[in-house]
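# A closer look at the structure
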Amino acid sequence: MYTPWFFFVQLLILVAESRAKVPALIVFGDSTVDAGNNNQISTVLKSNFVPYGRDFAGGRPTGRFSNGRIPPDFISEAFGLKPTVPAYLDPNYNISDFATGVNFASAGTGYDNQTSDVLSVIPLWKELEYYKEYQKKLRAYLGEEKANEILSESLYLMSLGTNDFLENYYIFSGRPSQYTVRQYEDFLVGIAGNFIKEIYSLGARKVSLGGLPPMGCLPLERTTNFFGGSECIERYNNVAMEFNGKLNTLVGKLNKQLPGIKVVLSNPYSILLQIIRKPSSYGYENAAVACCATGMFEMGYLCNRYDMLTCSDASKYVFWDSFHPTEKTNSIISDHVVKTVLKVFL
């Protein structure tokens, strides 16, 4: 026979579970997490054509820079939500879809507005404007109270920064003439901090700040490392590690400064470097070049259906194109991040 105490304990468990539940994923960032927003803007940086998406449900290209799903999709599924997080600008979706997850990311963007200017993509401040627009739509759809609850309980994912270095600082003379690389790191960290404070003021309380990958090991960077035997560019990897350390310090500061917030650093650096150094341990055959085309420099429109060199089995490759991981790698990284960092929100 059940006692009133038993039912009281069960009620406490239910209340705890409902509080811990993440009702939606809200995503900001670059091509590592873009689900197709760039399809809707005027830029050369797109991936809404085959062979992109060939291993996605239905074998269709969506604008994700991979052969299949990307980290927000896997993380959403791990939290018991839908298996894909739709792009906010995709006309095939509406607020009923976005109520359980929405993606504002734009391939090619960065913390620095000058980075988004390089390929005419959506700057981070514009992603924030879209988020404010989304808030209004969500309140109109669900009512003020329910919408505010979703906004405060949602998990906010941020993944960007690589383009600021590889597509801006190390390519153009503008920022290096203003900042040393360490000063530029600090400049970007300041923007990241201000962005989190801004979404906090708008209701965000659970934030995952993404770290940089070992960017010197991306196939595109290895291809250009002629004098280093096409090995990883350690200088770039060292900058990534240094920047991640500064992001970690920022996370500690924000958790002290902002009452009720929980910010974590989701750092892909170590797990991806481990995969690159010991690919066979994860069932890969190639970590130096990508699956698409020659695998050395192609991405976007250079990675297309007409290239006969594209591999037949992407699961044997760490990278899909010269800049982006395969679906399998995205899955491994996401699983690692969920189990080691994001578990505090489960």
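None of these values were measured; they are calculated from a predicted model.

## A look at the overall build of the chain
A count of helices and strands for the chain gives 13 helices and five strands. Over its C-alpha atoms the chain spans a radius of gyration of 20 Å, differing by no more than 12% from the 20 Å that the globule rule assigns to 346 residues. When the backbone C-alpha atoms are referred to their principal axes, the chain occupies close to 75 × 45 × 40 Å. Within the chain, contacts between residues at least 6 apart in sequence are counted, and of these 71% link residues at least 24 apart. As displayed, the chain offers around 15,300 Å² of accessible surface, 56% of which is attributable to carbon and sulfur atoms. Seen as two clouds, the 32 positive and the 33 negative side-chain charges of the chain have centres 5 Å apart.

## Brief notes about the pattern of salt bridges
Oppositely charged side chains can pair when the atoms bearing their charge come close. The final tally for this structure, using the stated rule, is 14 salt bridges. Among the salt bridges present, the one from K132 reaches E129, with a minimum N-O distance of 3.4 Å. With a gap of three residues between them, K132 and E129 both fall in helix α5 (residues 124–142), about one helical turn apart. In this structure K132 comes out as partly exposed when scored by relative accessible area, which is 27%. Between K339 and D335 there is a salt bridge, with its nearest N and O atoms 3.2 Å apart. Of this pair, K339 and D335 both sit in helix α13 (residues 327–340), four residues apart, roughly one helical turn.

## Considerations on empty space enclosed by the protein
In this structure the tally under the stated criterion is three cavities of 30 Å³ or more. In this structure, the largest cavity encloses a volume near 460 Å³. Lining the largest cavity we find 31 residues, and of these T32, P71, S159, G211 and P268 sit closest to its centre. Looking at the lining of the largest cavity, the element that brings in the most residues is α13, giving four residues. A class-by-class count of the residues in the lining of the largest cavity yields 17 nonpolar, 13 polar and one charged.

## Some thoughts on the packing of aromatic side chains
As enumerated under the stated definition, the model contains 22 aromatic pairs in all. Between the aromatic rings of F104 and Y131, the centroid separation amounts to 6.1 Å while the plane-to-plane angle is 85°, which identifies the pairing as edge-to-face. Pair noted here: F104 is in the loop between β2 (101–103) and α4 (113–118) and Y131 is in helix α5, with a separation of 27 residues, a long-range link. When sorted by exposure, F104 lands in the same class as Y131, which is buried. Judged by centre distance (4.9 Å) and plane angle (25°), the rings of Y169 and Y184 are stacked. Note that Y169 is positioned in helix α7 (residues 162–169) and Y184 in helix α9 (residues 181–201), a separation of 15 residues in sequence. Each member of the pair Y169 and Y184 is classed as buried. Through a chain of ring-to-ring contacts, the aromatic side chains of F28, Y88, F98, F104, Y130, Y131, Y134, Y156 and F195 assemble into a single cluster. The ring of Y130 has K126 sitting right over it, with the charged end atom 5.0 Å from the ring centre.

## Describing the sheet that holds strand β4 (residues 206–210)
Read from one edge of the open sheet, five strands run β2-β1-β3-β4-β5, paired in parallel fashion. Two strands bound the open sheet, and with one partner strand each, they are β2 and β5 (262–266). Going across the sheet, the axis of each strand differs from the next one's by a mean of 15°, ignoring polarity. For strand β1 (residues 25–29) and β2, the ladder comprises three bridges, and the chain directions are parallel.

## Observations concerning the pairing of β1
Where burial is concerned, most of β1 is hidden: five out of the five residues are buried. Relative to strand β3 (residues 155–159), β1 runs parallel, the two being bridged by five bridges. Each bridged residue has a counterpart across the sheet, and for F28 the counterpart in β3 is M158.

What counts, and at which threshold
Residues numbered from 1 in each chain as written. Predicted model: local features only at pLDDT ≥ 70, side-chain atom pairs only at ≥ 80, totals over all residues. Heavy atoms only, no water. Helix = DSSP H or I, 4+ residues; strand = E, 2+ residues; numbered from the N terminus. Rg over C-alpha atoms; globule rule 2.2 N^0.38 Å. Contact = heavy atoms within 4.5 Å. Areas by Shrake-Rupley, 256 points an atom, 1.4 Å probe, with all protein chains shown as cover. Lys, Arg positive; Asp, Glu negative; His and termini not counted. Charge placed at Lys NZ, Arg CZ, Asp CG, Glu CD. Salt bridge = Lys/Arg side-chain N within 4 Å of Asp/Glu carboxyl O. Buried < 20%, exposed > 50% of the residue type's maximum accessible area, 1.4 Å probe, protein only. 1 Å grid on protein atoms, 1.4 Å probe; cavity = no way out; pocket = protein on both sides within 12 Å on 5 of 7 lines; lining within 4 Å. Points joined across faces, edges and corners; volume = space filled by probe spheres on them. Nonpolar A, V, L, I, M, F, W, Y, C, P; charged D, E, K, R; others polar. Phe/Tyr/Trp six-rings, centres within 6.5 Å; stacked < 30°, edge-to-face > 60°. Lys NZ or Arg CZ within 6 Å of the ring centre and 35° of its normal. Pairing = 2+ DSSP bridges. Axes fitted to C-alpha atoms, helices over the stretch in contact; angles between N-to-C directions.

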